[in-house]
Amino acid sequence: MKTGTTIAGVVFKDGVVLGADTRATSGEVVADKMCAKIHYISPNIYCCGAGTAADTEKTTDLLSSNLTIYSLNSGRNPRVVMATNILQDMLYRYHGQIGANLILGGVDCTGNHLYTVGPYGSVNKVPYLSMGSGDLAALGILEDGFKPDLELEPAKELVRAAIQAGIMNDLGSGNNIDICVITKQGVDYIRPYRESQYKDKRKTKYKYPPGATPILTEKVVPLKLEIVQETVQKMETA
Amino acid sequence: MEKHCTDSRVKGVSTGTTILAAVFDGGVVIGSDSRASVGEEYVSSKTINKVIQVHDRIFCCIAGSLADAQAITKAAKFHLSFHSVQMESPPQVIAAASVLKDLCYKNREELQAGFITAGWDKKNGPQVYVVALGGMLINQLVTIAGSGSTYIYGYIDAKYKPNMTKEECLQFATNALALAMGRDNVSGGVAHLVVVTEKGVEHVVVPGDKLPKFHDE
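Treat the numbers as computed from the prediction; the structure is a model and nothing was measured.

Our focus in this paragraph is the sheet that holds strand 13 (residues 201-206) of chain B. Residue and element names in this part refer to chain B. On the basis of which strands lie adjacent, the open sheet formed by five strands has the order 11-2-3-12-13 and antiparallel pairing. The open sheet has two free edges, formed respectively by strand 11 (142-145) and strand 13, since each of these has just one partner strand. Recorded for the sheet is a direction-independent mean angle of 15 degrees between the axes of neighbouring strands. Relative to strand 3 (residues 27-32), strand 2 (residues 19-24) runs antiparallel, the two being bridged by six bridges. By the bridge assignment for strand 3, F24 is matched with G27. Contacts from helix 4 (residues 166-183) reach strand 2, strand 3, strand 11, strand 12 (191-197) and strand 13 within the one sheet, and its direction differs from that of strand 12 by about 155 degrees.

A few words now on the packing of helix 3 (residues 135-145) of chain A against helix 4 (residues 152-169) of chain A. All names here are of chain A. With their axes 7 Å apart at the nearest point, helix 3 and helix 4 run at an angle of 150 degrees to one another. As judged from the angle between their axes, helix 3 and helix 4 are roughly antiparallel. In this structure, helix 3 crosses over helix 4, and the sense of that crossing is right-handed. Of the residues in helix 4, those in contact with A137, A138, I141, L142 and G145 of helix 3 are L158, A161, A162, A165, G166 and N169. Here the contact of helix 3 with helix 4 is built from residues that sort into eight nonpolar, three polar and no charged.

What follows concerns the pairing of strand 13 of chain B. All names here are of chain B. Relative to strand 13, strand 12 is paired through six bridges, and the arrangement is antiparallel. By the bridge assignment for strand 13, V196 is matched with V201. What sits between strand 12 and strand 13 in their antiparallel hairpin is a turn of three residues.

A separate point is the interface of chain A and chain B. With 19 residues of chain A in contact, the opposing surface of chain B contributes 18 residues. Taking both sides of the interface into account, the surface hidden between chain A and chain B amounts to around 1600 Å²; carbon and sulfur atoms contribute 49%. The tally of links between chain A and chain B comes to two salt bridges. In this structure, the salt-bridge partner of B:K46 is A:E143, at a minimum N-O distance of 2.7 Å. Our count for the chain A to chain B interface comes out at eight residue pairs in polar contact (both at pLDDT 80 or more). Counting residues per element, the ones that place at least two in the side of chain A that touches chain B are helix 2 (80-93), strand 9 (123-125), strand 10 (128-131) and helix 3 of chain A. Taken together, the residues that form the side of chain A that touches chain B break down as eight nonpolar, eight polar and three charged.

What counts and what doesn't
Residues numbered from 1 in each chain as written. Chains lettered and ligands numbered in written order. Predicted model: local features only at pLDDT ≥ 70, side-chain atom pairs only at ≥ 80, totals over all residues. Heavy atoms only, no water. Pairing = 2+ DSSP bridges. Helix = DSSP H or I, 4+ residues; strand = E, 2+ residues; numbered from the N terminus. Axes fitted to C-alpha atoms, helices over the stretch in contact; angles between N-to-C directions. Contact = heavy atoms within 4.5 Å. Parallel < 35°, antiparallel > 145°, perpendicular 65-115°, else oblique. Left-handed = near helix turned anticlockwise from the far one by under 90°. Nonpolar A, V, L, I, M, F, W, Y, C, P; charged D, E, K, R; others polar. Buried area = accessible area lost by both parts, 1.4 Å probe. Salt bridge = Lys/Arg side-chain N within 4 Å of Asp/Glu carboxyl O. Polar contact = N/O pair within 3.5 Å; in protein donor to acceptor, adjacent residues only side chain to side chain.

As structure tokens, this is what we get:
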């Protein structure tokens, strides 16, 4: 189970702030430098995922589809606790085989909520949290800086600092920082919120225009195809 | 998370815990600590809720794998709610305990969770039941469970008296939890206590620094 990630979430006065780094690793190689780890669940609920990238991606997609269907059928906006329950049921059924450590955050009619769901299906409701391989580094920052009812800017800064700590102290986390702010008024998905200061500027352009490679010889071989069978199916449009 | 799991027998988050319940004159006191751990060394939550309400006057304390315990109590809540709709009256405490026992016994190969069910019902008044890991169900006046319980068997045996008052029983439960949390590394945090009587339910939370201190602390 790969957890090369730092994700964090904080409940503040007017909503929830979620943050994540953007590095996806495959063994010792960075496979994606700008991977999106904050997934859309519903207009008022977003989910950060740590663990096996495919598992977090598919699980959150499935959850999002199911919640949309539910909203349409019941005429109600989904609640964060419902999303959590669905996730818990799904992950528990697979007894830890789905390697997804998720932080679910959102705002609904009952307030601002942050939940964590583990791969075995355990759920915990928390005011702040971090997950992934950089979780201990980020948790130190959160433990020190968290206060109940923070304002928006201090909350964003706290989450940014927490992810930054994860990026600096964990090899599996790195590159840029994404932030997602969810309030009653709406969602502000800032991607990237902070770019990595170690980004390398490319020295030249590596895109070649058509015709840049000279053609030395050309050989044209026409492919002879035989009609073996022909069937006609009439389309009924009456 | 993988690096936190050493060779713990419980996979994932475990509630290495101290839970207890005791009958007093007119009700029950149910209590637990609030620590959840992964492996033997990482506290994944300092404030996990282990006293879960399964019906109006019936509570359940959980021990063992957090995922298994939460799944079982969810199923139990549903079964109890359905049962009480069918019977058109609140369920008895033994019904709640039996629902948990059935789930634990039928799936004993896959599950790793134990429970203490306690509450009040009209027919038999305050009761405490323990459902152990394999699905054994026993009715007792006072019971303790979880990894921290080994450190307080002596205290329970010496200090529990039947028909205590509510205040005496609360003090007894708080002391027991404090002693266990003091010695068991996977129990800690705050002490959650719930008092269930015919009149209703009362929650008492004792933060870690307000717990009674004993010799050598």
